[in-house]
Each structure stands twice: as structure tokens, then as C-alpha cells.
Amino acid sequence: MSSQNNNAELKLDGKSYSLPVIEGTEGERAFDISALRAQTGHITMDDGYGNTGSCLSKITFIDGETGILRYRGIPIEELAEKSTFVEVAHLLIMGRLPIRAELRRFSVVLTRYEMLHEDMKFHFEGFPATAHPMAMLSSMINAASCFYPELLEPESDDFEIEAARLLSQVRTIAAFSYRKSRGLPIIYPKPSYKYTANFLHMMFSEPYQDYELNPEVVRALDLIFLLHADHEQNCSTATVRMVASSKANLFASSAAGVCALWGPLHGGANQAVLEMLNEIHKAGDDGSRFVAAAKDKKSGKRLMGFGHRIYRNYDPRAKIIKKACDDLLAKLKRSDPLLDIAKHLEQVALSDPYFVERKLYPNVDFYSGIIMRAIGIPLEMFTVIFAIGRMPGWIANYREVNEDPNSRIYRPRQIYMGATQNPYVPIDERS
Ligand code: SDX
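So, how was this worked out
- Residues numbered from 1 in each chain as written.
- Predicted model: local features only at pLDDT ≥ 70, side-chain atom pairs only at ≥ 80, totals over all residues.
- Heavy atoms only, no water.
- Buried < 20%, exposed > 50% of the residue type's maximum accessible area, 1.4 Å probe, protein only.
- Helix = DSSP H or I, 4+ residues; strand = E, 2+ residues; numbered from the N terminus.
- Pairing = 2+ DSSP bridges.
- Expected span 1.5 Å × (residues − 1).
- Contact = heavy atoms within 4.5 Å.
- Axes fitted to C-alpha atoms, helices over the stretch in contact; angles between N-to-C directions.
- Nonpolar A, V, L, I, M, F, W, Y, C, P; charged D, E, K, R; others polar.
- Salt bridge = Lys/Arg side-chain N within 4 Å of Asp/Glu carboxyl O.

Section: the pairing of strand β2 (residues 7-12)
Side chains Ala8, Leu10 and Leu12 of β2 all project onto a buried face; the interleaved residues Asn7, Glu9 and Lys11 project onto a face where none is buried. Bridge count for β2 against strand β3 (residues 15-23) is six bridges, and the pairing is antiparallel. Within β3, the residue paired with Leu10 across the bridge is Tyr17. Where β2 folds back onto β3 in an antiparallel hairpin, the turn is made up of two residues, including Asp13, whose phi is positive at roughly 50 degrees.

Structure representation (C-alpha cells):
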């Protein structure tokens, strides 16, 4: 195949086919193969979709070679330093930073919808105490839509309200799930609290005593939410778009995203990193044995929090979180041996040819658990925190699918490798 200007030429079986070349605003280029099967009778095969673009999107840009991440064109480093999670949620969902009046309105709507329908409490009663909060989160997001049938319309006339309801309620559902899993009474939100402070209140207050909000802790968690807010077509966001493409409603699409995020290769990695660091700490070694195992394919172990499908460089979010770990622990006048182990592991890995040759660097999950641990968030809630943070990205991608006039249902093809045609054998004649 060769390409000139805006067309690629494919030579196949003595024939030549022209494929349009698409170029994005940041210079990324793609062969448009939407007519390939009709023209050539062939499809493409791309295990894990590593080379396949599923959509044109205006939400988030990543340059994995150089470690660039921008939400609606704004560098993640600037947003981390100057913005807040709610403002970034507005940026991603509505397409631009809000003016003051819009931010105030968005915040008012988040507060208006922070409560769950009172009957949803009974759903929590149905879960066993051992239920994983991610299981509760995905099912309760779908359950929430049962109480608001108007949300079942794929294109409700006020998307901002629908988005704010989901963004607000996912936080309440998460906190209620935690309280339920610990056998604690649920704590209702306080309308006077902003988004992240209210979540901490619902997680850690008691009926007889409010949780004491430390501004440093609130800021650190808000930063964690902000840094997880979107990441282009990762596994869970692509899942949300897949479900949205069938014109399913926002709650169903987001619940599917929660399920995809749960996997240890994706959002579940932050929990797996802490389990790995705890295992190393208990073993009393410096982690070199674990690194050796991670390099040995037969061990089935991986250095969790390391490596990335897109980043062939340091994940910019990991850099920011690593510094935030040091800052928060210093402000809390605490140290954490697991942070020391993590830093040592990073040093060992980044000087080891196995990791260097494969361009495996720390990703967003490598240090995030240290901050959550310092805040007092329990291990089983780590991926739930990731899901709360990623909700604006899922909502923005859902909206982009629904507002695209050319959007089609996602339906990949396959190459069949199974049995060729054979007859039905009656049961008495089967060996
Ligand atoms: C997230 O996509 C996103 O944007 C995701 C995310 C987001 O914000 O949505 O950034 C969030 O999911 C971050 C990733 C969290 N997962 C982990 O930390 C789990 C550990 N990392 C991996 O398992 C792995 O790196 C993936 C899943 C992240 C990426 O997998 P790929 O792209 O399919 O890479 P691969 O499995 O093909 O690996 C290439 C090589 C292989 O070795 P060889 O076959 O070339 O000899 O690198 C090796 C792998 O064995 N490898 C690792 C490794 N990651 C890759 N070896 C040891 N430890 C690791 N962590």
C-alpha cells in the first residue's frame, strides 16, 4: 500500500484500489476503509484494536509517543494546576470551559440531583455485605434509570440535566455502596458542600459526627477525579460508545462502562498495584523478585501500574499524581512505606532493559492508590473512585455518539475459524 496526498493505493490480486486518507487536527492519519469490504471482499484484522480508529472525536487528544494529554485542547498539566473536577466535567461534556454563571448553574444542578430516589435504599439492602462496590455501582446506575423513566429516552431535550443527574448520583451511589459494604448507616449529602467534599462527607461522616474536611485532602481527591476524567478511546469509553451506538440510554451505557473498567488490566489496576505493593512490603524485600517475576511470562504476573497501550513514554497523569503523593503526605505529616517501594520499583524498572525496550512506564494507576490510601479510601473502592472520575468522559463520548448525524451501530466483523458445514447427528449415533 502506498499513499499520496489524501489517498492510499492498495494493490490486491492484480487490482488497485484507492483508499481515502483522513488527517486529524493534530496530524494523525488514517486509511478510511469504510468501503474496503464492498470494494475488495476483504476486511481488516486488528487484535485488540491497536491500529484501528473507531471514531472521529473532538474530546481528548493523546500523543503516546511524547506523553501529551489534552482535554478539549487544554494540557492536563494546566488543568491539574488551575482547574477543578466539576469545571473539567463541564469542559468535557459541554465542549468548553464554563463562564462563571454557567459553572454556578452546573454546580446548582449537581446539588439538585445529589439525592437518590428514597426507594433505591432498598436495593442496597439486597446486596450481601461482601458485594464488591463496582458490582453495586454498575447495577445501581441502571437501577437509578428505573426511577426516572424520562432518562430512558436516548436524546432527552436537556442533556445537561441528564448528565448532571448521573454525575451527581454516581457519587452518592458510590458512597452508599461503601457504607453498605461496611454495615454503616448511609449518610445523606449536604447541599452546602461542593462535589468532592460532599463525597468525602457521605463516605466518612457518622450520624452523630460530621467528617472533618481537610482542604488538602479534598483537593487531592478532586485532582484524582480530574486526572481520570477522560482518556480517548480506552476500553471502558469504547464500551460506552458501543452501547450508546445502539441508542441505549446514558445510564445503561455508563453502567456498561463501569463493568469494562473493573478489569485488572484497566481500571482495576489501581487496586492491583496496592495489592502488589502490600505483597512486596509483607515479603520484606525491595521488589526486585517481583520485577523478575513480571518479566517472566510463565509467572502470569505483571508489574501492575506499568505499561500502556498508547503511552510509549511516561503517562503525564502519573507524573502529576507522584508529585501529589509527596505533597499530600508532607502536608499530613505522614510517610508511607508503600510509596517508597513504588518509587524504588519505578527506578529498578526504568533501568531494566526488559521495560526500557518495551517502553513500559508508570501509568495513571501506579501512584493513585497511595493518595487514596492516605485519604482513607479502602482498597475495594479504588476502582469506584476511577469510575466517578471517568464519568464526565463517558458522558461526553455518549453525547458525541448521539449528536453525530452519521453515527451507525457499532458492529465489528470477524474471520470465522470454526467447523465447516456438517450435518446434525441424532443423539444415539453420537460417539
Ligand atoms: C488504564 O487505555 C487507556 O487509556 C487506559 C487508561 C485510562 O485512563 O483509561 O490509561 C487506564 O487502564 C491504565 C493501564 C492499567 N493496567 C495496568 O497497569 C496493568 C499492567 N499493564 C498491562 O497489563 C499492559 O501494559 C496494558 C494492559 C496496560 C497494555 O497492554 P497491551 O498494550 O496489550 O500491551 P501488551 O500486553 O501487548 O504488552 C507488550 C509487551 C508484552 O511483552 P512481549 O510479548 O513483547 O514480550 O510488554 C509486556 C507484555 O508482556 N508488558 C508487561 C507489562 N505490560 C506490558 N510486562 C510486565 N509488566 C507489565 N505491566
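Quick word on helix α14 (residues 316-331)
Between its first and last C-alpha atoms α14 spans 23 Å; for 16 residues at 1.5 Å apiece the expected length is 22 Å, and the two agree. All of the buried residues along α14 are Pro316, Arg317, Ala318, Ile320, Ile321, Ala324, Cys325, Leu328 and Leu329. Residues of α14 that are buried in the fold lie against β6 (68-71), α2 (76-82), α9 (215-227), α15 (337-349), α17 (365-375) and α18 (382-403).

Quick word on the packing of helix α6 (residues 133-147) against α18
Taken N-terminus to C-terminus, the directions of α6 and α18 make an angle of 35 degrees; their axes are 9 Å apart at the nearest point. In contact with Pro133, Met134, Leu137 and Ile141 of α6, α18 contributes Thr383, Val384, Ala387 and Met391. For the contact of α6 with α18, a count of residues per class yields seven nonpolar, one polar and no charged.

A look at the pairing of strand β5 (residues 60-63)
Examined bridge by bridge, β5 and β6 share four bridges and lie antiparallel to one another. Looking across to β6, one finds that Ile62 is bridged to Leu69. Between β5 and β6, which pair antiparallel and follow one another directly, the connecting turn spans four residues, one of which, Gly67, has a positive phi of 75 degrees.

Focus on the pattern of salt bridges
In total, this model carries 25 salt bridges according to the counting rule given. Glu102 is the salt-bridge partner of Arg96, the closest N and O atoms lying 2.6 Å from each other. Classification of Glu102 as partly exposed rests on a relative accessible area of 23%. For Lys322, the salt bridge identified is with Glu346, shortest N-O distance 3.1 Å. Highlighted residues: Lys322 in helix α14 and Glu346 in helix α15, separated in sequence by 24 residues. In this structure Lys322 comes out as partly exposed when scored by relative accessible area, which is 23%. Each of Arg105, Asp158 and Glu160 takes part in salt bridges that share partners, so that together they form one network.

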